[in-house]
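Okay, here's what each chain looks like letter by letter:
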Amino acid sequence: MPDTLTALPHVEEREVADAAALDAMLRGADRPFVLRGLVQDWPLVQAGLRSASDARAYIRQHAVDRPFVVSVAAPESEGRMFYDEAMQMNFRTTKGTLPTIFAKMEEGEGQAEAPAIYLASIDMHDFFNGLHEANHVPLGARDPLSSIWIGTKTRIAAHNDFPDNLACCAVGRRRFTLFPPEQFRNLYLGPIDNTPAGRAISMVDFAAPDFDAHPRFRDALEHAQVAELEPGDALFVPSMWWHHVEGLEAFNVLVNYWWRDTPRYLGQPQDALNHAIMTIRDLPERDRAIWRDLFDYYVFEADERVTAHIPEKARSVLDRLTPESAGRLRAFLLRTLSR
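Residues numbered from 1 in each chain as written. Predicted model: local features only at pLDDT ≥ 70, side-chain atom pairs only at ≥ 80, totals over all residues. Heavy atoms only, no water.

Whenever I open this one, the state of the cysteines confuses me. Can you help?
Note: disulfide means a covalent bond formed between the sulfur atoms of two cysteine side chains. Scanning all chains against the criterion turns up zero disulfides. Cys169 provides the cysteine sulfur closest to Cys168, a residue in no disulfide bond, and the two sulfurs are 9.1 Å apart. (Disulfide = S-S within 2.5 Å.)

Help me understand the sheet that holds strand 11 (residues 225-229) in this model?
Within a sheet, neighbouring strands are paired by backbone hydrogen bonds and run either parallel or antiparallel to one another. Sheet architecture is open: five strands sit in the order 4-8-13-10-11, paired in mixed fashion. Strands at the two margins of the open sheet, each flanked by one partner only, are strand 4 (80-81) and strand 11. (Pairing = 2+ DSSP bridges. Helix = DSSP H or I, 4+ residues; strand = E, 2+ residues; numbered from the N terminus.)

What's the story with the pattern of salt bridges in this structure? I'm lost.
Two side chains carrying opposite charge are able to pair once their charged atoms lie near each other. The tally for this structure, following the rule as stated, stands at 17 salt bridges. Note that Glu106 is salt-bridged to Arg56, the shortest N-O span being 3.9 Å. One end of the pair, Glu106, is in helix 5 (residues 98-108); the other, Arg56, is in helix 4 (residues 52-62), and 50 residues separate them in sequence. Overall, Arg56 belongs to the buried group, its relative accessible area being 1%. Via salt bridges that share partners, Glu13, Arg36 and Asp233 belong to a single interconnected network. (Salt bridge = Lys/Arg side-chain N within 4 Å of Asp/Glu carboxyl O. Buried < 20%, exposed > 50% of the residue type's maximum accessible area, 1.4 Å probe, protein only.)

I'm lost on the sheet that holds strand 5 (residues 91-96) in this one. Help?
Strand order in the open sheet formed by nine strands is 1-2-12-9-14-7-6-3-5, with mixed pairing between adjacent strands. With partners counted over all chains shown, the strands left at the sheet margins are strand 1 (13-14) and strand 5, one partner each. Sheet topology places strand 3 (residues 68-73) next to strand 6 (residues 116-123); three bridges connect them, and they run antiparallel. Bridge pairing in strand 6 links Ser71 to Tyr118. Packing of helix 2 (residues 19-26) onto the sheet brings it into contact with strand 1, strand 2 (33-35), strand 12 (234-237) and strand 14 (252-259), and relative to strand 2 it is tilted by some 170°. (Contact = heavy atoms within 4.5 Å. Axes fitted to C-alpha atoms, helices over the stretch in contact; angles between N-to-C directions.)

Please explain the packing of aromatic side chains as it appears in this structure.
Using the criterion set out here, one finds 13 aromatic pairs in the structure. An angle of 75° between the planes, with centres 5.2 Å apart, marks the rings of Phe82 and Tyr83 as edge-to-face. Residue Phe82 is classed as buried on the basis of its relative accessible area, which comes to 9%. Consider the rings of Phe179 and Phe206, whose centres lie 5.8 Å apart with planes at 85°: the pair is edge-to-face. A residue pair is termed long-range when its members are at least 10 positions apart, and Phe179 in strand 10 (residues 174-179) and Phe206 in the loop between strand 10 and helix 8 (217-221) qualify at 27 residues. For Phe179, a relative accessible area of 0% translates into the label buried. Linked through ring pairs, Phe179, Phe206, Phe211 and Phe217 together constitute an aromatic cluster. (Phe/Tyr/Trp six-rings, centres within 6.5 Å; stacked < 30°, edge-to-face > 60°.)

Got a minute to help me understand the nonpolar core in this structure?
One broad rule of soluble globular proteins: the nonpolar side chains tend to lie buried together. Counting 43 residues, the largest nonpolar core has Leu119 and Ile148 as its most contacted members. With sequence-adjacent residues up to four places away left out, Leu119 is seen in contact with Phe68, Val69, Val70, Leu98, Ile101, Phe102, Met105, Ile148, Trp149 and Ile150. With 21 residues, the next largest nonpolar core counts Ala73, Tyr118, Ile156 and Phe176 among its residues. (Core = buried A, V, L, I, M, F, W, Y, C linked by side-chain atoms within 4.5 Å.)

Whenever I open this one, unusual backbone geometry confuses me. Can you help?
Apart from glycine, the bulk of residues carry a negative phi angle, and the bulk of peptide bonds sit in the trans form. Phi at Ser121 takes a positive value of approximately 50°, unusual for a residue other than glycine. With respect to the helices and strands, the residue Ser121 is situated in strand 6. Although it is not a glycine, Ser316 sits at a positive phi angle of roughly 50°. Its place among the elements puts Ser316 in the loop between helix 10 (285-301) and helix 11 (323-337). Its relative accessible area of 44% is what places Ser316 among the partly exposed residues.

Help me understand the side chain of His132 in this model?
Tracing the backbone through its elements, the reader meets His132 in helix 7 (residues 131-134). The buried category is assigned to His132, whose relative accessible area is 15%. If sequence neighbours within four positions are ignored, His132 has contacts with Met124, His125, Ser146 and Tyr257.

Explain the environment of Val34 here, please?
Examined against the element boundaries, Val34 turns out to sit in strand 2. Sequence separation between Val34 and Arg288 is 254 residues, and the spatial gap between their C-alpha atoms is 43 Å. Other than its neighbours up to four places away in sequence, Val34 contacts Val11, Glu12, Glu13, Arg14, Ala227, Leu229, Ala234 and Leu235.

Honestly, helix 2 in this entry has me stumped. Any pointers?
Two residues of an α-helix separated by three or four positions point the same way, owing to the 3.6 residues in each turn. Within helix 2 the residues assigned to the buried category are Leu22, Asp23, Met25 and Leu26. An end-on view of helix 2 places all buried positions within 165° of arc, on one side of the element. Where helix 2 is buried, its residues meet strand 1, strand 2, strand 12 and strand 14. For helix 2, the side-chain oxygen to backbone nitrogen distance between the N-cap and Ala20 is 3.3 Å, and the N-cap itself is Asp18. Gly28 sits one or two positions beyond helix 2 and adopts a positive phi of about 80°. (Arc of directions from axis to C-beta. Polar contact = N/O pair within 3.5 Å; in protein donor to acceptor, adjacent residues only side chain to side chain.)

Would you explain the pairing of strand 13 (residues 242-247) in this entry?
The side chains of a regular strand alternate between the sheet's two faces. The buried count for strand 13 comes to six of six residues, which makes it a mostly enclosed element. Pairing of strand 10 with strand 13, which is carried by six bridges, proceeds in the antiparallel orientation. Looking at the pairing, Phe176 lines up with Val245 of strand 13.

Help me understand a nonpolar patch on the surface, please; the structure alone is not making it clear to me.
Taken together, the side chains of Ile290, Trp291, Leu294, Phe295, Tyr298, Val299, Phe300, Val317 and Leu318 define a hydrophobic patch exposed on the protein surface, amounting to about 810 Å² of accessible area. Summarising the element assignment, Val317 is placed in the loop between helix 10 and helix 11. (Patch = residues over 30% accessible without salt bridge, like charges linked within 9 Å, V, L, I, M, F, W, Y side chains within 5 Å. Areas by Shrake-Rupley, 256 points an atom, 1.4 Å probe, with all protein chains shown as cover.)

Written as structure tokens, this is what we have:
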């Protein structure tokens, strides 16, 4: 890790007494924090503390007999799952059984020229029996997506996610480098439609930042924080915070939970951004200014001026959305996009 990153301030550490205290702490939280030892009693964590082999055996015994999607990068990638010189992925994605994938990981342990192997965002309910039940964090009334991430040494470029995220280090060690949402201009983001995992990523190599090519990255570092997680530790990453993630050991396992405080029927803001790029960005400047004003009026301000003069029963999607009105709007969009 370069000196510019080792000197970063550490993410705040907090303590919680029980599930109710955690629920209260997460409610409305808008800054990252670390919870040391939150999941230290998990059987998965205890297996990993014995050995990587024990951790793999424990995970294997819960796995469903079905193909797992796995990403494999050549040894020269040094674990960085990124683009190649042609801006295609520098890793190949294939499928295999979990015992076969784990055998390849074990084969490469201790070898300097081993490939990077990464199982990303595997649904714990769909791919395992009992693993979630034996290793999970009670999150109150939240209905999170529960995923497991398993890999050799990896470096995942800085990106952000729309949901809130509780990331639990189960096996190995993880390092997160985090930036507030507004730092996107200083992270030199790549394409939004050609990405390693669906989210735009920083083009900066955090292991060797090129400040000549990316001078504003120095400004981003002024706002950065780092969290180094040991087995059993957890990190809360608020929605839209940028995070660069490193798996530091030969075998690493992370369990994470994503949830939204807003209903899922409201859809994904990224879809609106993509649609706006297609329909608005390349209009003449005068037209863009008009549409910017309309977006402010209907979306970002959306105050009583929009609906006060319309009979309440006739406001349709201009009123607060419900599952029914959101469904009608989605159906309308599908019809217009299919023309």
